Amino acid sequence: MAINIDFSGKTVVVVGGTSGINRGIAELFAKHGAKVAVASRDQAKVDDTVKALQALGAEAMGFAADVRQQDAIKEGLQKVFEAFGQFDVLVSGAAGNFPALANGMSANGFKSVIDIDLLGTFHVMQSAYPHLKKPGASIINISAPQAFLPMAAQAHVCSAKAGVDMITRCLALEWGEEGIRINSIVPGPIEGTEGMKRLAPTDELMELAKQSVPLKRLGLPEDIGNAALFLSSDAASYISGTVIPVDGGWALGGASSLSNQLTEMMKQFLK
Ligand code: NAP
Ligand code: COA
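Just so it is clear, the structure is predicted and the values come from calculations on it, not from any experiment.

Overview of the packing of aromatic side chains
For the structure on display, the rule yields two aromatic pairs. The interplanar angle of 80° and the centroid separation of 4.9 Å between the aromatic rings of Phe 7 and Phe 29 together place this pair among those described as edge-to-face. On the criterion of sequence distance, the pair formed by Phe 7 in the segment before β1 (11-15) and Phe 29 in helix α1 (residues 20-31) is long-range, its members being 22 residues apart. Taken individually, Phe 7 and Phe 29 each receive the classification buried, so the pair is uniform in this respect.

This is the structure in structure tokens:
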């Protein structure tokens, strides 16, 4: 079978798609012909992204909503459905992160990340369900190495992303019979992103992160976009319920060296 990476006429929704990795995914789908909708909290970021997607030649739209507010997400997705039709691809990638040792954050700090990453993913998937193409839809949840690699200063993120991967697996079981495929992508350290600025806030830590990747380079948003394109294409029509690292081999152990250095740095803050 020829690999078909043409998304002409297809509808792709990227929640959390207005910066970094997820915006890279939205732009790649736009370049491959899709109608693309993006959502995040900040209307100015939504508008800027929609303009950029249109400049790539795509039909594009967006809405501002917080994934913690299911009613707002439902309302925004309904508008996308009315304008663009059934969703062929749904990417759920909104997330929050800050490095903090467990004793250096409040219960509300822990909860805020659980609410955005984990509950937010549930809100997005459940709200999109009525609009998903059945059979044929591909859902991609954006996870992180923290989902399976314990990292100090990341108890909140590790807990939340482990949950995201379990939602991927559980709903792949529940919705599989309707022809909906659901997979998680686990990005490695991606260049120029907010996530990496927060996890490796000094040049030294950023270099350590790069050197800890077996392929000896940071990833690019396009690396993650390419995986999302593949997973949503006909070539991946028998792939569902998987958690796929796209990380230059980082999950083999490199992430833990960054974790050790980050722990030392956070301990200095607590002194
Ligand atoms: P980013 O640029 O901060 O992207 C996060 C996106 O989510 C933005 O569009 C943001 O826009 C939106 N967002 C945040 N909180 C939201 C909320 N409560 N409701 C709705 N939208 C919200 O981060 P990134 O570094 O590219 O990370 C993107 C994804 O990749 C995340 O899921 C992250 O966990 C994962 N990841 C990143 C890396 C990395 O190296 N950066 C590695 C592994 C995994 P607004 O501010 O407008 O809401
Ligand atoms: N260390 C410890 N606690 C922190 C913290 C830090 N660096 N940053 C935030 N918190 C705590 C706050 O103190 C607050 O708890 P409190 O009410 O007990 O004081 C709680 O987290 C929520 O913070 P708030 O700023 O009110 O939340 P928010 O909903 O406005 O923002 C965040 C959510 C904190 C996750 C924010 O960083 C964000 O919006 N991130 C999105 C972008 C991002 O993280 N990108 C990378 C993705 S990998």
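Examining the pairing of β1
Most of β1 sits out of view: five of its five residues are buried. Side chains Thr 11, Val 13 and Val 15 of β1 all project onto a buried face; the interleaved residues Val 12 and Val 14 project onto the opposite face, where all are buried too. Where β1 meets strand β2 (residues 35-40), five bridges bridge the pair, whose relative direction is parallel. Across the sheet, Thr 11 pairs through a bridge with Lys 35, a residue of β2. Handedness of the β-α-β unit built from β1, α1 and β2 comes out right-handed. Of the strand pairs in this sheet, β1 and strand β4 (residues 89-92) are connected by four bridges, and their pairing is parallel. Bridge assignment links Val 15 to a residue of β4, and that residue is Ser 92.

So, the nonpolar core
Among the nonpolar cores identified, the biggest contains 28 residues, and Ile 25, Phe 29, Val 36 and Ile 185 are the most heavily contacted of them. A per-element tally of this core places α1 first, with six residues. Among all residues touching Val 36, those that are not within four sequence positions of it are Val 12, Ala 26, Phe 29, Ala 30, Leu 53, Glu 59, Ala 60, Met 61 and Phe 84. Core analysis: the next-biggest nonpolar cluster, separate from the first, contains 27 residues, Met 61, Ala 128, Ala 137 and Trp 175 among them.

With respect to the pattern of salt bridges
Here the idea is simple: oppositely charged side chains can pair when their charged atoms come close. By the definition in use, this model includes nine salt bridges. Between Asp 117 and Lys 161 there is a salt bridge, with its nearest N and O atoms 4.0 Å apart. With Asp 117 in helix α4 (residues 107-128) and Lys 161 in helix α5 (residues 155-175), the pair connects residues that are 44 residues apart, well separated along the chain. Overall, Lys 161 belongs to the buried group, its relative accessible area being 6%.

Digging into the site of ligand 2
Not every one of the 16 residues close to ligand 2 is listed here, only the nearest: Arg 68, Asn 97, Ser 106, Asn 108 and Arg 198. A distance of 2.5 Å separates an oxygen atom of ligand 2 from a polar atom in the side chain of Ser 106. Within the complex, 56% of the 940 Å² of free accessible area of ligand 2 lies under protein. Mapped onto the shell around ligand 2, the elements with two or more residues apiece are α4 and α6 (194-199). It is α4 that provides the largest number of residues to the shell around ligand 2, a total of four residues. When the residues that make up the shell around ligand 2 are grouped by side-chain class, the tally is four nonpolar, eight polar and four charged.

Re the site of ligand 1
Around ligand 1 there are 31 residues in total, and Thr 18, Ser 19, Ser 40, Arg 41 and Thr 193 lie nearest to it. Between Gly 16 and ligand 1, the recorded distance is 3.1 Å, taken from a backbone N or O atom to an oxygen atom. A distance of 2.9 Å is found between an oxygen atom of ligand 1 and a backbone nitrogen or oxygen belonging to Gly 195. Its free accessible area being 880 Å², ligand 1 has 90% of it covered by the protein chains. Those elements that provide at least two residues to the shell around ligand 1 are α1 and α6.

The rules behind the values
Residues numbered from 1 in each chain as written. Chains lettered and ligands numbered in written order. Predicted model: local features only at pLDDT ≥ 70, side-chain atom pairs only at ≥ 80, totals over all residues. Heavy atoms only, no water. Phe/Tyr/Trp six-rings, centres within 6.5 Å; stacked < 30°, edge-to-face > 60°. Helix = DSSP H or I, 4+ residues; strand = E, 2+ residues; numbered from the N terminus. Buried < 20%, exposed > 50% of the residue type's maximum accessible area, 1.4 Å probe, protein only. Pairing = 2+ DSSP bridges. Right-handed = clockwise from strand over helix to strand, strands pointing away. Core = buried A, V, L, I, M, F, W, Y, C linked by side-chain atoms within 4.5 Å. Contact = heavy atoms within 4.5 Å. Salt bridge = Lys/Arg side-chain N within 4 Å of Asp/Glu carboxyl O. Near = heavy atom within 4 Å. Polar contact = N/O pair within 3.5 Å; in protein donor to acceptor, adjacent residues only side chain to side chain. Areas by Shrake-Rupley, 256 points an atom, 1.4 Å probe, with all protein chains shown as cover. Nonpolar A, V, L, I, M, F, W, Y, C, P; charged D, E, K, R; others polar.

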